[in-house]
Amino acid sequence: MKLYQFNWRRFWAIVGKEFIQMRRDRLTFGMMVGIPLLQLVLFGYAINSDPKHLPTAVYSADNSVFSRTVVWGLRNSSYFDVIREPRNEADIQKMLAQGTVQFAVDIPVDFSRKLLRGEQPDLLLEADATDPSAVGYAIAAVNQLSTTVLNRDLIGPLAGLQGAPPPFNLVVHQHYNPENNTQYNIVPGLMGVMLTMTMIIITALAITRERERGTMENLLSTPARPGEVMIGKIVPYITVGYIQIFLILLAARYLFSVPIVGSVSLLVVLAFLFIVANLAVGITFSTIAKNQLQAVQMAFFFFLPSLLLSGYMFPFRGMPVWAQDIGEILPLTHFLRVVRGILLKGNGLVDVSPDLWPIALFLVVMLSIGIKRYRQTLD
Amino acid sequence: MVMSTSDLVIDVQGITKRFGGRTVVNNIPMQVRRGEIYGFLGPNGSGKTTFLRMLCGLLTPDAGSGRCLGYDIRRESGEIKKNVGYMTQRFSFYEDLTIEENLDFVAQIYGVPQRKTAVDKSLERLGLTARRRQLAGTLSGGWKQRLALAACLIHEPRLLLLDEPTAGVDPKARRDFWEEIHQLAAAGLTVLITTHYMDEAERCHRLAYIAYGNLLARGSVEEVVQAAGLTTWEVTGPDLPALAEKIRGQPGVEQVVAFGMTLHISGRDAGKLRESLNPWMTDAYQWQPIESGLEHVFISLMETARDNFS
């Protein structure tokens, strides 16, 4: 067997050809740049896991300084926008059922009287909790409100009614994203999601298309070696991957003002590992898929669990153990930690290394399956 | 006939390929001389394409050995690929690349010296210089075939492997194509071509016929026809379809084929055939023995092969 010799001339010929084809296929090329932009806008601007200004109905049967202060306090928390003032309990139920309001506050008739007597009156907050995440923060805000909002009014002889100070002070430091800004979490994560999607679909398509059209047979009857063909075909898409990374970094910095604490160059270097891991998946899929349609279907088959189980959309630690185990296999899970770690926490190479080797392991396994299958398809 | 080995561009023995448990190519030898146009015939799925793929190193034979262009087909497929032009059955260049880009790409892959000139020359020879920036996908079938041939020739190969190059091409384009093949062969290029068309088979210097992976006949057209030992009678007269019905199935009658206003009746056992036809050799019909054609021979071979191998 002659020693395998990688020929750069043939390699560049294939890279050049691939770029021409990429340029000709306007739709796919547009998709590769358009999808990142679309996702940026949708995920970046549209998704907010800490919703504020939720429509609220207030039914106050007690017209007093205290009830007004409570309503004012709700408004001021920025979670509640009082948009309705129903006249009775039935109205409240209707509004909640129809979705006109997310919350209804019911202040009973004898609220102020009981308050003044020190009887701790009830204040009913009804919530449309069909989507738990939509009401969670708001309810937490009300809890805090209840202990302090009336302090301003309970002065002089009423001072005794003020809430007792808690036995200890709880000091909370929310690191890395103190304002709970969803975009800070979503936008860097988007980098991983987008690379997963485009890298797998595009490589699987590019190779399957070549086989489907019969051009692969022709290519392999030339002196071009399988390795040259394969690498020559994926290098252009690595470039595309980096274009996507820079698009997102730019958007993160200038559109969403995500604080970039860590080293961008470290991220750019480590992204290579992740890109290649996804390309390996694409190559493997292309060896299984009989046509381009199947290739796309398989790409989605991989993309969906990646999206759902990686911790991109839902908190990773909130998932049951089996789901976490699946998530740990997926490279996106680890890359998300790497990206968020570097950008938001300023992690260095040592800090992110626990998430690098699982990606590397995945890459090695995928690549060996891909290469093994790729060889079989030739013979 | 004595041939020196250096004259043989293809010299292989016992080539065998199995897919799963099925033997697709079974123990096939082939000797092709320099400058020869060698026709490779056989029904669909007979293993022709697989054989070509093994010759140019796309597939590794399970058994057999030999040399192609003087290189070992097992160990030196890299060298073989550099000197072979392989034209696949389907148009397999890039439809989303222009004519020029396709040629340039192939030239680059083969490392053709002075690429620009080579591509220009090829375009000129094709007569496509004016349409060089046209996408290959917009070409008609005949033009695609010419482009594919030009692309196969750009690195000046010593052996051309053509897999059913004229399928779906109109007669005029086919004739031009064969004209070019003969010119190339005259200049010393060796051509191995697979085809279904009998007229094309007759344009080859020599032939091999395979069916179900087995080599059934080889040699020049005359040799193949002679080796088949087929006797053919031509008959004209009234109501030939009825006659055909009666004759078919008689002992010694292997083929009854209508050719325009005549029937051709063939069989390998001349005596038995004559005996079976005797009852109809009356004044109503005009009988005459004719030379068996390639088509008679191939159909006869194919039917024998079906009995023996399938």
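Conventions and cut-offs
- Sequence order as written defines the numbering, with residues in each chain counted from 1.
- The order in which chains are written sets their letters, starting at A; the order in which ligands are written sets their numbers, starting at 1.
- Predicted model: local features are reported for residues with pLDDT of at least 70 only, side-chain atom pairs are reported and counted for 80 or more only, and whole-chain, interface and lining totals are derived from all residues.
- Two strands form a pair only when DSSP identifies at least two bridges running between them.
- A run of DSSP states H or I qualifies as a helix once it reaches four residues; a run of E qualifies as a strand once it reaches two. Both are numbered from the N-terminal end.
- Any two residues are considered in contact once their C-beta atoms, placed from the backbone, lie within 7 Å.
- Angles run from 0 to 180 degrees between N-to-C directions of axes, and those axes are lines fitted to C-alpha atoms, restricted for helices to the stretch in contact.
- To count as a nonpolar core, a set of buried Ala, Val, Leu, Ile, Met, Phe, Trp, Tyr and Cys residues must be joined through C-beta atoms within 7 Å.
- Remark: C-beta atoms are placed from the backbone, and a residue is labelled buried if 20 or more other C-beta atoms sit within 10 Å of its own, exposed if 12 or fewer do, or partly exposed between those counts.
- Under this grouping Gly is polar, as are all residues other than the nonpolar Ala, Val, Leu, Ile, Met, Phe, Trp, Tyr, Cys and Pro and the charged Asp, Glu, Lys and Arg.
- Every residue gets a pLDDT, meaning the predictor's confidence in that residue, from 0 to 100.
- Where a domain begins and ends is set by an automatic assignment or by a domain database.
- With the strands pointing away from the viewer, any crossover whose connection runs clockwise from the first strand over the helix to the second is right-handed.

### Looking at the sheet that holds strand 2 (residues 22–33) of chain B
Residues and elements named next belong to chain B. Strands sit in the order 2-1-4-5 across an open sheet of 4 strands; the sheet is antiparallel. A single partner strand is all that each edge strand has here, and the edge strands are strand 2 and strand 5 (71–72). With 8 bridges connecting them, strand 1 (residues 8–19) and strand 2 associate as antiparallel partners. Counterpart to Arg-18 in the pairing with strand 2 is Thr-23. Across the sheet, helix 1 (residues 48–55) is in contact with strand 1, strand 2 and strand 4 (63–68); its angle to strand 1 comes to roughly 120°.

### Things to note about the sheet that holds strand 2 (residues 80–84) of chain A
Strand pairing in a sheet takes place through backbone hydrogen bonds and is either antiparallel or parallel in direction. Residues and elements named next belong to chain A. The 4 strands lie next to each other as 2-1-3-4, forming an open sheet whose pairing is mixed. Edge positions in the sheet fall to strand 2 and strand 4 (124–127), since each of these pairs with one other strand and no more. Strand-to-strand twist in this sheet, taken as the mean axis angle between neighbours without regard to direction, amounts to 30°. Pairing of strand 3 (residues 103–107) with strand 4 involves 4 bridges; the strand directions are antiparallel. Looking across to strand 4, one finds that Val-105 is bridged to Leu-125. Packing of helix 6 (residues 132–148) onto the sheet brings it into contact with strand 1 (54–60), strand 2, strand 3 and strand 4, and relative to strand 4 it is tilted by some 175°.

### Comments concerning the nonpolar core
Of all hydrophobic cores here, the largest spans 81 residues; its most connected members are Ile-10, Leu-55, Leu-103, Ala-151, Leu-161, Val-191 and Tyr-209 of chain B. Residue contributions to this core peak at 7 residues, all from helix 3 (residues 99–110) of chain B.

### Looking at the interface of chain A and chain B
Counting from both sides, the interface comprises 19 residues of chain A and, opposite them, 21 residues of chain B. Among the elements that line the side of chain A that touches chain B, the one with the most residues is helix 1 (residues 8–24) of chain A, at 7 residues. The class makeup of the residues in the side of chain A that touches chain B is 5 nonpolar, 6 polar and 8 charged.

### Digging into the confidence of the model for chain B
Counting all residues, the mean pLDDT for chain B is 89, and 97% of those residues have values of 70 or more. For chain B, helix 11 (residues 294–309) of chain B is the element with the lowest average pLDDT, namely 80, and helix 3 of chain B is the one with the highest, namely 96.

### Description of the domain arrangement of chain A
For chain A, the assigned domains read domain 1 (8–47 + 181–378) and domain 2 (54–161). For domain 1 of chain A and domain 2 of chain A, the distance between their C-alpha centres works out to 49 Å.

### Here we look at the environment of Leu-139 of chain B
All names here are of chain B. Note on placement: Leu-139 falls in the loop between helix 4 (115–126) and helix 5 (141–153). With 20 C-beta atoms counted inside 10 Å, the residue Leu-139 sits in the buried group. The spatial distance from the C-alpha of Leu-139 to the C-alpha of Tyr-197 is 24 Å, given a sequence separation of 58 residues.

### A few points about the environment of Pro-113 of chain B
When you line up the elements, Pro-113 of chain B lands in the loop between helix 3 and helix 4. Taking the C-beta count within 10 Å as the criterion, Pro-113 of chain B has 9 such neighbours and is therefore assigned exposed.

### So, the pairing of strand 2 of chain A
Residues and elements named next belong to chain A. Bridge count between strand 1 and strand 2: 4 bridges; the pairing is parallel. By the bridge assignment for strand 2, Pro-55 is matched with Asp-81. The handedness of the strand 1 to strand 2 crossover, carried by helix 3 (residues 65–76), is right-handed.

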